[in-house]
Amino acid sequence: MRALNSRLALIDINSSWQASRRLISATTTAFSSDSSSSSSFRRTRGGRQRIASSKSPASSPAPVRRPSDGFSFDVRSSPSADSSNSASISSRKTPPTVELDAFLEILPPTTRKELVKHEAIEELIEVVMDLGRKPLARFPFGDWVISEQPVTHQDLKLAVSKVCVCVGDFSDDNRSGIDRSLHRISAIRNRKLQVIGLTCRVGRAVSGSAEIIRDLIEGGGSILVIGSPGVGKTTLIREIARMLADEHRKRVVIVDTSNEIGGDGDVPHSGIGRARRMQVPNVNLQHDVMIEAVENHMPETIIIDEIGTELEALAASTIAQRGVQLVATAHGMTIDNIIKNPSLQILIGGIESVTLGDEEARKRKVQKTILERKGPPTFTCAVEMISRTECRVHQRLDVTVDAILAGKSAPFEIRQIRGEDDVPHKLVTPIPLETLEEEQPAPLLNRDFVSEVLSDDEDEDEDFLPIRYSKASSNTYTSPRSSPVHVYTYNVLEADLLQVAEVMGLDDEIEVTDDVGEADVILASSSELKQNSSIRRVAKLHKLPIFVIKSTTMAQMVKAVRMILGRESFGSNPKTIEKSSVDDIEIKDDAPESKPSLEELDALEEVRLAIEYIVIPGGEPVELLPRRSDIIVRQLELVESYQLTVENLGTHLNPRLQILPRRSTKKMLPSSSSKNATDDSMGNTVTRLPFLKD
Ligand SMILES: Nc1ncnc2c1ncn2[C@@H]1O[C@H](COP(=O)(O)OP(=O)(O)OP(=O)(O)O)[C@@H](O)[C@H]1O
């Protein structure tokens, strides 16, 4: 792969953002603290309140607003920035105080009193109230203990009663809201279903927060938004809904499972603009409401928060197939997480295990069994939110998924909001998409090809003769005869391993165990192996081989599974295995370190054809062409991988192999015959391959 860093290129975003620069700046106003709040903060510093997060030690005073918080990034001036813009920015300022008041209302009076004194109150994300513990305020820069007084039953009852007065009960996902606001109140219950904890999140409509992906929104493709909890996904898709409905006059329908996008109550919050909102009576019915939205309301765009189940993923794919633009969030931080989540895989097109024919595998320079995307992804592009101001954009989700499945670097752009008034975001393009597409072999197989290569594999499996190493001898490994093979893992996710095995149809043959005494093999990541010296000791004690993977990419996992089960012969692809110590088996990427020469390829093909067409089916020995000694070594390894033996018919300086059929103990005499088939002195027919030139 190319040297990515040398290709890093900063590209200033195109003019589209300039037009909406004011909106971006309006966003920042939500975070600007005024002088009165600063003075409140000074009073607070002398009090008992403390920061509780590791970012701000308990003994430190309440946080001082740092330039890197929120949108206060370095500001680069833009040629088009002018004072008139700034004026309109101020006029667009919509302080969130009204809704913050509604939020503060539900807090116990003492908690509220302390909290309002905090200088960064405008940045408040959540208030956490757990029975018997001190109430906490969560800010972007850390947690802050609001009061030393532990939360009482009374406090919780009061808060719940205020939420209930406004909106009725908590829904079956234990969430509720405050009428006509975007705040979300989530309950934790004890076994008797009494509320013993509350997480009260401040919801905001942040105008301009979707500028960072304006081009994607306007492009009309479906957008998948992922990211860690609380990173701002809901806020982003709310703004996308508003932009599409108001600025682009699209028919937008929001399927609002917990009323988080459009706010609580029957009249939607102004933050969604003209977009329409469908409420979901029961979270388990989200998929039904998604389909209903398409069938009944003729939407051009559907917005959904939190696709989490297989049914919802299926409904999303149905919607996309009907040509409706889909903007949705899903559980997971990266595309890799989505690929590895069996319920959500359909969003990226689904995956399947495909076994390639020898020719195809060699042409693609990959292993024989690979994972491939089954079909087109539901979404055109994906946005991985890193923070509110930074995201990774995958313009072509199909290309990204294919790259990940092939164990290659996925193409993406890093976008950042860099400043308040000037440059709203930059693009950093580590891998230019076009270049990458050139490099990728057409990854989506057509159905005919898949069935062709699969039937290839069936034939091959019947004759498959994996190399057998013996666990007892110090430098060898026998794939255990017993099924399933028990694997003990170090820093390799059990779920990942089992998922790959399942996709390969080998889940019955492999099992992960927590008891190293039961294990047949150890599978460890190389980083863990370097750091954890006890792994080798454990392996030695239990006489277990260690399979070492460099990374937990799908490609490496597939290879690990095949090798652990003895389905990938070590000898047939000698460059993939290195024994770095007695019991380590390193699983390497398939890309050869140096390209094998044509002569080497020819020599190995000669061995394969000889074995598969003559030695095994006919039980006859085959004499190979003379080769250079380094190539003879490769041939020898390949022969051994079939559990066959050879004899050197040449001299020490001019070696030439003859492959012997299994169970043949007969001594072969050198043959210098140029005929295709001759008889040796013992009456065996020694065949030379007619199609290989001398
Ligand atoms: N661009 C932004 N500017 C200011 N505040 C924001 C922004 N984006 C999100 N927030 C605030 O951050 C908090 C979390 O945002 P949001 O609920 O959108 O996150 P999320 O990723 O959807 O969370 P979850 O996964 O838990 O549902 C909220 O208090 C929200 O108001």
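Residues numbered from 1 in each chain as written. Predicted model: local features only at pLDDT ≥ 70, side-chain atom pairs only at ≥ 80, totals over all residues. Heavy atoms only, no water.

**A few points about the confidence of the model for the chain**
Right, on to step 1. With 66% of its residues at a pLDDT of at least 70, the chain reaches an overall mean of 71.
Right, on to step 2. In the predicted structure, residues 421–476 sits below a pLDDT of 50 and forms 151 contacts with residues beyond four places in sequence or in another chain.
Right, on to step 3. Contacts from residues 571–582, a stretch scored under 50 in pLDDT, to residues over four places away or in other chains number 33 contacts. (pLDDT = per-residue confidence, 0-100. Contact = heavy atoms within 4.5 Å.)

**Some words on the pairing of strand E28 (residues 657–660)**
Right, on to step 1. Of the two faces of E28, the one carrying Leu657 and Ile659 and the one carrying Gln658 and Leu660 are both buried.
Right, on to step 2. In this structure, strand E26 (residues 622–623) lies alongside E28, joined through two bridges in antiparallel fashion. Counted as the bridge partner of Glu623 is Gln658 from E28.
Right, on to step 3. Of the pairings in the sheet, the one linking strand E27 (residues 645–648) to E28 comprises four bridges and is antiparallel in character. When the sheet's bridge partners are listed, Asn648 is paired in E28 with Leu657. (Buried < 20%, exposed > 50% of the residue type's maximum accessible area, 1.4 Å probe, protein only. Helix = DSSP H or I, 4+ residues; strand = E, 2+ residues; numbered from the N terminus. Pairing = 2+ DSSP bridges.)

**Considering helix H14 (residues 397–405)**
Right, on to step 1. Counting buried positions over the nine residues of H14 gives nine, a clear majority of the element.
Right, on to step 2. Among all positions of H14, only Leu397, Asp398, Val399, Thr400, Val401, Asp402, Ala403, Ile404 and Leu405 are buried.
Right, on to step 3. In the segment just after H14, Gly407 is the residue with positive phi, at about 75°.

**Digging into the side chain of Gln556**
Right, on to step 1. Within the element layout of this structure, Gln556 appears in helix H20 (residues 554–564).
Right, on to step 2. A residue is classified by how much of its surface remains accessible, and Gln556, at 1% relative accessible area, is buried.
Right, on to step 3. Polar contacts involving the side chain of Gln556 include one to the main-chain amide nitrogen of Lys550, which spans 2.8 Å. (Polar contact = N/O pair within 3.5 Å; in protein donor to acceptor, adjacent residues only side chain to side chain.)

**Section: unusual backbone geometry**
Right, on to step 1. Positive phi, close to 55°, is recorded for Asn259, a residue that is not glycine.
Right, on to step 2. Take Asn259: it is sitting in the loop between strand E10 (252–256) and strand E11 (276–279).
Right, on to step 3. Residue Asn259 is classed as buried on the basis of its relative accessible area, which comes to 10%.
Right, on to step 4. Although it is not a glycine, Met298 sits at a positive phi angle of roughly 45°.
Right, on to step 5. Mapped onto the elements of the fold, Met298 is located in the loop between helix H10 (286–297) and strand E12 (301–307).
Right, on to step 6. According to the relative accessible area criterion, Met298 is exposed, its value standing at 55%.

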